[in-house]
Amino acid sequence: MISYILRRLLAIVPVLFTVAVMVFLMLRLTPGDPAAIIAGDNATTQQIIDIRTKLGLEQPILQQFFIWLGNIVRGDLGESFFFRKTVWELISDRLEPTFSLALLTMIIAVVVAIPLGVLAAYKQGTWIDRIVMGFSVIGFSVPVFVIGYLMIYVFAIKLGWFPVQGYQRFANGIGGFLQSLILPAFTLSVIYIALIARMTRTSVLEVLNEDYIRTARAKGQTEIKVLFQHALKNAAVPIATVVGIGVALLIGGVVVTESVYSIPGLGRLTVDAVLARDFPVIQAIILAFSLVYVLINLLVDLSYTIFDPRIRY
Amino acid sequence: MSSVKLSRRTVVAGAAAAAGALSATSQASAQGAANVLRVVMHSDLRIVDPIWTTAYIVRNHGYMIYDTLFAMDAQGQIKPQMVDTFTESADKLTYSFTLRDGLLWHDNKPVTAEDCVASIKRWSARDPLGQTVMGFVAEMTAKDARTFEIKLKEPTGLLIFALGKPSSNVPFMMPKRVADTDPNTQISEFIGSGPFVFQRDEWRPGDKAVYTKFAGYKPRPEPASSLAGGKVVKVDRVEWRVITDQQQAVNALLAGEVDIIEAPSHDLLPLIKADRSIKIFNWNPLGNQYTMRFNHTTAPFNSQKVRQAALYALNQEDFLKATIGDAEYYKVCKAMFVCGSPLETLAGMEDKLESNFAKSKQLLQEAGYKGEPVVLLHSTDLQVLTNLAPVAKELLQKGGFTVDMQSMDWQTVVARRVKRDPPTQGGWSAMLTSWVSADILNPVMAGFFNSSGDKAAFGWPTDPEIEALRARFARASTAAEQKQIAEAVQRRVAENPTHVHLGQWYLPGATRPNISGWLAAPAPVFWNIEKARA
């Protein structure tokens, strides 16, 4: 197991290197000149060249790449072209909102979706099943921002239970922290509830017809125990895979949700950096997201051994 | 062992109590913020050096934390601000400035004449008007702690105006150690002598920028008037909140989560007006001006007659209707130096901008235009610009042009417009943008009039006659002389267009009912504003 983990960790290096090369080249090929953006409307060509030189953008691309790569290896993510802040400062400042939003979203999604999926499987073909599957279709179909605006209209504007926008840090009080996150987390969780509930239903349906379920029932075990101890545990591997993919997909989902709710997280930072062509920030965020993606996949693979002891690495 | 039985009623009551508690927390937080002004600005503050960039959000930041030697008042007059008194020698070659007593930097050290000289030098290295004025300057010397002198090689009527110019780049005063920073490098210390202190530790790009009242600021005794007069701060703290979604900003204003929106988009103004408690205030009476810029270095706009044809084919009303819509917020104005300004004139423009397509076609024929496509850059992501290019395309086509409109985001337009390649190789022929009117009040400060070829802004027009007139304007020492030359410049630009001005437009701000004292000025300023308890 340990050697497997080590092998997987080592495999991260070429993955990240490939990502680094790709993102670096794509940014340089994308139209947009940070120096021209910084210089503004009145700038002369010479002023733009001066700024480009200051930013190191006049050097050959290969040279720029190796300087950046060398810095990354030394743990230096560089400095933003725009903010007088290091990329690490910017990213670390945005971690808490994004992590909190992602965590709360996944908690809501798992807590709501798995019981719904199990219930839909157990009540297959009934109105309960149809409602759950109907919700699932809606959850997939309605864009996050539409759900967000509906939630804001009802719960923030009409009822006044939650703020319209903004984020309060955990250190400033858990009440305000939760208050600022509940609507965004519910908004973002809808699609994951749909995804996980659907997968749970399918997986549980598959195992409900197995012999060991019949045996459990024959032994007189309660339906709750049959469903959650026997059926769900054996259906857990595909569900864990979907949850893992869901966590990875959250990276994309937070961009829209953070924009709708004005949460200063990594998603918003990414959008702002892309719009401003802030190369060092974009490069660092994409590398960080890639690392998280790879690590989550590793964790999901390792979780299989817990759900299914037959799986060994 | 005890057990808790949850009835439906208990759950509903619990949820209501939790919601009530959360709502109470929200209200308490709003009440606690009574003397905090929460403002949604038009953009996020990313760069904090107002000399390094001309971005308006950075200029606005500059007005918070820095002060200026002179400033423009509500009548458009330039008045002393940090300067107490100044003298001009009889030969108009020597100016002596004495600073007001008691001016302090935010670290409570006194503002000195040396600081001001260094600040003027750094500003003039970046600002086009500053560069022009420095061409007249022989020497700048600090005479003592509060007095400095500027000696000119020849007289200019622009020196005082330049030192009090209201918009980007504004000559903000900084401590010498900061002002000595290379003009092409961002400053790293944000200390001014203005009415607010920038709280760098609380600055979270993408979230908020925070300013607190500077206890050591000594306002002028006169009442505040636009950017001049007594800058009396009446709140403890100003927070610029970043809400990128305009609809959400309006929702936050209606819900009382923010106090002011600097520039809500035009399509949301009816929603704001529907709430009668919200006040709408046009804080920038000079407004903005739409402009189409030609690329003079490549066909077809390297031909004077072709540019003239465009000037005849276009009209302002169509652009303004398509982008602003409500006539309350726009004005058809053929004056290049802005309607309502001292240099307003119709000279040379009487028959232009009337969509005279027959005249346009005739000029194209005279120019020998062979249908070379006008590569028109279309910005798609900024609401106030998006509809401009399609209107331009339609009108130019009706005027006999072939138009290839290419759509892209604004930042790509910004990168593309500085490319001098032919349109077929990633270059361009024309693009549309908007200026804050305060940036185009005369032919020297307005960048698009610069016709010095390679040294001009993108578009690179070359016209020695315009340059001679601009030089004359810089030397003019009376308002009458300046007006006469401005008319001559306008006539020449109408004859040999460097760009086309496409009308004035306004974007008012919106405030909660308990906010008062917002001053009309070319930039949004937050002194004089009071926030009563809601």
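Residues numbered from 1 in each chain as written. Chains lettered and ligands numbered in written order. Predicted model: local features only at pLDDT ≥ 70, side-chain atom pairs only at ≥ 80, totals over all residues. Heavy atoms only, no water.

Under an unreviewed UniProt entry, the name given to chain B is ABC transporter substrate-binding protein, and the organism recorded is Phreatobacter aquaticus. The record held by UniProt for chain B lists under Subcellular location (unreviewed entry) the comment "Periplasm". (UniProt positions renumbered as here; feature names shortened; annotations may be inferred.)

Chain A goes by ABC transporter permease in an unreviewed UniProt entry, where it is assigned to Phreatobacter aquaticus. You can read under Sequence similarities (unreviewed entry) in the UniProt record for chain A the words "Belongs to the binding-protein-dependent transport system permease family." Here is the UniProt Subcellular location (unreviewed entry) comment for chain A, exactly as written: "Cell membrane".

Undergrad: Would you explain the domain arrangement of chain A in this entry?
TA: In many analyses, interface size is given as the accessible surface area lost on bringing the parts together. Residues and elements named next belong to chain A. In terms of domain boundaries, chain A breaks down into domain 1 (1-87) and domain 2 (95-307). Look at where the C-alpha atoms of domain 1 and domain 2 centre, and you get two points 32 Å apart. On the side of domain 2, 21 residues touch domain 1, which itself brings 29 residues to the contact. For the pair domain 1 and domain 2, the two sides together bury roughly 2200 Å², of which 79% comes from carbon and sulfur. (Domains from an automatic or database assignment. Contact = heavy atoms within 4.5 Å. Buried area = accessible area lost by both parts, 1.4 Å probe.)

Undergrad: Would you take a moment to explain a nonpolar patch on the surface for this structure?
TA: All names here are of chain A. Residues Ile 2, Leu 6, Leu 9, Leu 291 and Leu 295 make up a contiguous nonpolar surface patch of about 440 Å² in total accessible area. Here the element with the most residues in the nonpolar patch is helix 1 (residues 2-29); it accounts for three residues. Mapped onto the fold, Leu 6 is located in helix 1. (Patch = residues over 30% accessible without salt bridge, like charges linked within 9 Å, V, L, I, M, F, W, Y side chains within 5 Å. Areas by Shrake-Rupley, 256 points an atom, 1.4 Å probe, with all protein chains shown as cover. Salt bridge = Lys/Arg side-chain N within 4 Å of Asp/Glu carboxyl O. Helix = DSSP H or I, 4+ residues; strand = E, 2+ residues; numbered from the N terminus.)

Undergrad: Explain unusual backbone geometry to me, please; I cannot follow it from the model alone.
TA: Ser168(B) connects to Asn169(B) through a cis peptide bond whose omega is -15°. Of note, Asn169(B) is situated in the loop between helix 5 (159-163) and helix 6 (176-179). One non-glycine residue with positive phi stands out, namely Ser262(A), at about 55°. Here Ser262(A) is to be found in the loop between helix 11 (236-261) and helix 12 (266-276). The backbone of Arg277(A) sits at a positive phi, close to 55°, despite the residue not being glycine. Relative to the helices and strands, Arg277(A) resides in the loop between helix 12 and helix 13 (279-307).

Undergrad: What's the story with the nonpolar core in this structure? I'm lost.
TA: One broad trend across soluble globular proteins is that nonpolar side chains are buried collectively. Grouped together as the largest cluster of nonpolar side chains are 192 residues, with contacts concentrated most on Leu69(B), Phe401(B) and Phe526(B). Contacts of Phe526(B), omitting those with residues within four sequence positions, involve Leu37(B), Val39(B), Met41(B), Met64(B), Phe196(B), Val238(B), Trp240(B) and Ile260(B). Formed by 46 residues, the second largest nonpolar core is a distinct cluster that contains Phe162(A), Val164(A), Ile193(A) and Leu208(A). (Core = buried A, V, L, I, M, F, W, Y, C linked by side-chain atoms within 4.5 Å. Buried < 20%, exposed > 50% of the residue type's maximum accessible area, 1.4 Å probe, protein only.)

Undergrad: Just to check I follow, could you spell out the state of the cysteines for this structure?
TA: By definition, a disulfide links the sulfur atoms of two cysteine residues through a covalent bond. Residues and elements named next belong to chain B. In this structure the tally under the stated criterion is one disulfide over all chains. A sulfur-sulfur separation of 2.1 Å characterises the disulfide bridge that pairs Cys 333 with Cys 339. Disulfide Cys 333 to Cys 339: torsion about the S-S bond roughly 100°, handedness right-handed. Across the pair, exposure class does not vary: Cys 333 and Cys 339 are buried alike. (Disulfide = S-S within 2.5 Å.)

Undergrad: Mind showing me how you'd approach the UniProt feature "transmembrane region" (unreviewed entry) in chain A here?
TA: With numbering aligned to this structure, UniProt lists the feature "transmembrane region" (unreviewed entry) at residues 9-27, 99-122, 134-157, 177-197, 235-261 and 281-307 of chain A. Across residues 9-27 of chain A, the secondary structure splits into 100% helix and 0% strand, with the terminal C-alpha atoms separated by 27 Å.

Undergrad: What am I meant to see in the side chain of Lys531(B) here?
TA: Residue and element names in this part refer to chain B. You can see Lys 531 is positioned in strand 21 (residues 530-531). Within the structure, Lys 531 has its side chain in polar contact with the backbone oxygen of Val 36 (distance 2.7 Å). Within the structure, Lys 531 has its side chain in polar contact with the side chain of Asp 259 (distance 3.0 Å). (Polar contact = N/O pair within 3.5 Å; in protein donor to acceptor, adjacent residues only side chain to side chain.)

Undergrad: Explain the domain arrangement of chain B here, please?
TA: Residue and element names in this part refer to chain B. Splitting chain B by domain gives domain 1 (42-189), domain 2 (208-285 + 508-531) and domain 3 (288-505). The interface is formed by 17 residues belonging to domain 1 together with 14 residues belonging to domain 3. Buried area between domain 1 and domain 3, both sides added, is near 1200 Å², and the carbon and sulfur share of it is 61%. For the interface between domain 1 and domain 3, the tally reads one salt bridge. Between Arg 475 and Glu 154 there is a salt bridge, with the nearest N and O atoms lying 2.8 Å from each other. Our count for the domain 1 to domain 3 interface comes out at eight residue pairs in polar contact (both at pLDDT 80 or more). Elements with a contribution of two residues or more to the side of domain 1 that touches domain 3: helix 2 (56-65) and helix 4 (128-134).

Undergrad: I'm lost on the UniProt feature "domain: ABC transmembrane type-1" (unreviewed entry) in chain A in this one. Help?
TA: UniProt feature "domain: ABC transmembrane type-1" (unreviewed entry): in the numbering of this structure it lies at residues 95-304 of chain A. Secondary structure across residues 95-304 of chain A comprises 84% helix and 0% strand; the distance between its end C-alpha atoms is 28 Å.

Undergrad: Hey, could you run me through the pattern of salt bridges in this one?
TA: Side chains bearing opposite charge may pair, as long as their charged atoms lie close to each other. As enumerated under the stated definition, the model contains 40 salt bridges over all chains in all. Linking Glu530(B) and Lys234(B) is a salt bridge whose minimum nitrogen-to-oxygen distance equals 3.7 Å. Note that Glu530(B) is positioned in strand 21 and Lys234(B) in the loop between strand 9 (208-213) and strand 10 (237-241), a separation of 296 residues in sequence. Look at Lys234(B) and you get partly exposed, because its relative accessible area is 33%. Among the salt bridges present, the one from Lys398(B) reaches Glu394(B), with a minimum N-O distance of 3.9 Å. Taken together, the positions of Lys398(B) and Glu394(B), both in helix 13 (residues 388-398) and four residues apart, correspond to about one turn of that helix. The class of Lys398(B) is partly exposed, set by a relative accessible area of 42%. Exposure remark for Glu394(B): the relative accessible area of 42% places this residue in the partly exposed category. Counted as one network, the salt bridges with shared partners bring together Asp93(A), Glu96(A), Arg169(A) and Arg204(B).

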